[in-house]
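Remarks on the overall topology
Below are the chains, spelled out letter by letter.
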Amino acid sequence: LRETTSGQFGVIERSGTLLSESFERAQVLVLEDSVLDLDKVLETLQRDHNSVMAADSCAKALERALSNELDLVVISLTLLNEDGLRLCSQLRSHERTRQVPILLMVDEGDLNHVAKGLELGANDYVIKPIDRNELLARARTQIRRKRYQERLRSNYEQSLSMALTDSLTGVFNRRYVNAHLPRLLERAIDSHKPVSVLMFDIDHFKVVNDSYGHAIGDEVLREVSARSSRNLRTFDLIARLGGEEFIVILPDTDGEAALIVAERLRQRIADTPFTVSTDVGEIRVTVSIGISVGGRLGDTAEGLIRRSDEALYEAKRSGRNCVIA
Ligand code: GH3
Ligand code: MG
Ligand code: MG
Ligand code: MG
């Protein structure tokens, strides 16, 4: 026995013969109305301990495909009363099944259907009468390819979200704001709606660190993030710009409404002390907030951020724990 592993999928070979290889069972759906052929396909695919479902009409097959997480659909093009190619195009037109691998089974005399099927999005085919080893090999290839793509996609999504998220607090980071604010502003200008920006900074945060330690400081940062997020609408956006400085972007919000949001945020943080994990008891923190409003022709993201930063500086100078627009 020789084992060659490619990530999750160990391929075990013995003198050239493929043996059962997948650690994860695949969910397979077979559309076939010939009992003999179906038996053969089921028996073959079950050798890999796959879980195999059968359907004898396009409608039933589609229903199953839409209510299961399938890894492969095997479609017979020799159905008595139906055209299996219909299922092919149906699968490709639904979001849920757009990516599922499709393997066709055709009669030798109907090879012209194969071209049509591949055009409709089928991935591969086998010719009847079915050779068991060939069917199994082609099925495995499709299942493996699907899993590989899923892994790539989830790695990609994970690294994307890591690149745009602040690891301490879980809110967005500066990079995300830099990428996203120009687009939000452009949309605001185009739709003649204002977009407001709140910049806020924890007051005398150095004292928190100095008194209780950096770890408690981190806890406070996390709680400030969480408390702020809870008090925003789902389409508002909060990011940590660095240190103890945050930005909140409020789409479709004018200065007056932004002032109300900012004042509420300030109060929620100032009025309820923070409970931290050690026995230091409750910690009180306050924030200073600066507001700017954009949406006029010629406004830029940099300008918007600079104006909110200036307002924040004003708030610090005015004694902290306050909002300046
Ligand atoms: P001000 O009211 O003027 O904002 O005073 P401040 O003390 O909050 O401002 P200052 O900029 O002097 O200090 C910010 C402090 O924030 C200093 C730094 O130790 C702390 N800090 C920055 N990033 C982190 C972090 O990730 N975790 C913790 N615990 N502290 C941080
Ligand atoms: Mg500071
Ligand atoms: Mg500060
Ligand atoms: Mg600061």
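Examining helix α10 (residues 301–317)
Helix length check: α10, at 17 residues, gives a terminal C-alpha distance of 24 Å against a target of 24 Å (1.5 Å per residue), a fit within 8%. Turning to α10, its buried residues number three or more, namely Ala301, Gly303, Leu304, Ser308, Ala311, Leu312, Ala315 and Lys316. Looking at the buried side of α10, the elements it contacts are α6 (174–190), β10 (195–202), β12 (245–251), β15 (287–294) and β16 (323–324). Directly beyond the C-terminal end of α10, a positive phi value near 115° is found at glycine 319.

A look at the coordination of the magnesium ion (ligand 3)
Geometry sets the ideal angles at a metal, namely 109.5 degrees for four tetrahedral donors and 90 or 180 degrees for six octahedral donors. Surrounding the magnesium ion (ligand 3) are the protein donor atoms Asp201 (OD), Ile202 (O) and Glu244 (OE), which sit 1.8 to 2.1 Å from the metal. In the primary structure, the donors to the magnesium ion (ligand 3) are separated according to the pattern D-I-x41-E. If you look at the magnesium ion (ligand 3) and the magnesium ion (ligand 2), they sit 3.7 Å from each other. Residue isoleucine 202 is located in strand β10, and its partner glutamate 244 is located in the loop between β11 (237–242) and β12; the two are separated by 42 residues in the primary sequence.

Some words on the sheet that holds β12
Across the sheet, which stays open at both edges, the 6 strands sit in the order β9-β11-β12-β10-β15-β16 with mixed pairing between neighbours. Two strands lie at the open edges of the sheet, namely β9 (172–173) and β16, each paired on one side alone. With 7 bridges connecting them, β10 and β12 associate as antiparallel partners. Bridge pairing in β12 places aspartate 201 opposite glutamate 245. Seen against the sheet, α10 touches β10, β12, β15 and β16 and runs at an angle of roughly 145° to β15.

Brief notes about the packing of helix α8 (residues 214–230) against helix α9 (residues 255–271)
One can describe the packing of α8 onto α9 by two numbers: an axis separation of 10 Å at closest approach and a directional angle of 135°. The pairing of α8 with α9 is recorded here as oblique in orientation. The crossing of α8 and α9 is right-handed. Across the interface between the two elements, Val224, Arg227 and Ser228 of α8 pack against Leu265, Arg268 and Ile269 of α9.

Details of the layout of surface pockets
Here the largest pocket defines a volume of roughly 390 Å³. Lining of the largest pocket is provided by 14 residues; of these, Gln99, Val100, Lys146, Glu150 and Arg153 occupy positions nearest its centre. Take the lining of the largest pocket: its biggest share by element is 4 residues, from helix α5 (residues 132–164). Each residue belonging to the lining of the largest pocket can be placed in one class, and the counts come to 3 nonpolar, 4 polar and 7 charged.

Here's the deal with the pattern of salt bridges
Inspection of the entire model under this criterion finds 26 salt bridges. Across the salt bridge formed by glutamate 82 and arginine 86, the nearest N and O atoms sit 3.7 Å from each other. Arginine 86 sits in the partly exposed class, given a relative accessible area of 42%. Because the salt bridges share partners, they merge into one network encompassing Asp71, Lys146, Arg147 and Glu150.

About the thresholds
- Residue numbering note: each chain is counted from 1, following its sequence as written.
- Throughout, the order in which chains and ligands are written sets their labels, letters from A for the former and numbers from 1 for the latter.
- Local features in a predicted model are, by the rule used here, given only for residues with pLDDT of at least 70; side-chain atom pairs are given and counted only at 80 or more, and totals for whole chains, interfaces and linings are based on all residues.
- Values shown for side chains rest on all heavy atoms present in the structure; no hydrogens or waters enter the calculation.
- Helix numbering and strand numbering both begin at the N terminus, where a helix is a DSSP run of H or I of at least 4 residues and a strand a DSSP run of E of at least 2.
- Multiplying one less than the number of residues by 1.5 Å gives the expected span of a helix.
- Here's how the labels work: a residue is buried when its accessible area is under 20% of the maximum for its type, exposed when over 50%, partly exposed in between, all with a 1.4 Å probe on protein chains only.
- In this analysis, two residues are considered to be in contact whenever any of their non-hydrogen atoms come within 4.5 Å of each other.
- Metal coordination here is assigned from N, O and S atoms located within 2.8 Å of the ion, or within 3.2 Å for Na, K and Ca; omission of water means that sites may look incomplete.
- Strand pairing follows a simple DSSP-based rule, namely that at least 2 bridges must link the two strands.
- In this analysis, axes come from line fits to C-alpha atoms, helices being fitted only over the stretch in contact, and the angle between any two N-to-C directions falls in the range 0 to 180 degrees.
- Angles below 35 degrees are treated as roughly parallel, those above 145 as roughly antiparallel, those between 65 and 115 as roughly perpendicular, and all remaining angles as oblique.
- Handedness of a crossing follows from how the near helix is turned relative to the far one, being left-handed for an anticlockwise turn of less than a right angle and right-handed for a clockwise one.
- The rule is simple: put a 1 Å grid over the protein atoms alone, call a set of points where a 1.4 Å probe fits but cannot get out a cavity, call an open set with protein on both sides within 12 Å along at least five of seven lines a pocket, and count a residue as lining if it has an atom within 4 Å of a point.
- Grid points are joined across faces, edges and corners, and a volume is the space filled by probe spheres set on the points.
- Gly is placed with the polar residues, together with every amino acid not listed as nonpolar (Ala, Val, Leu, Ile, Met, Phe, Trp, Tyr, Cys and Pro) or charged (Asp, Glu, Lys and Arg).
- By salt bridge we mean one thing: a side-chain nitrogen of Lys or Arg within 4 Å of a carboxyl oxygen of Asp or Glu.

In short, the description is geometric, and any link to function would need to be established separately.
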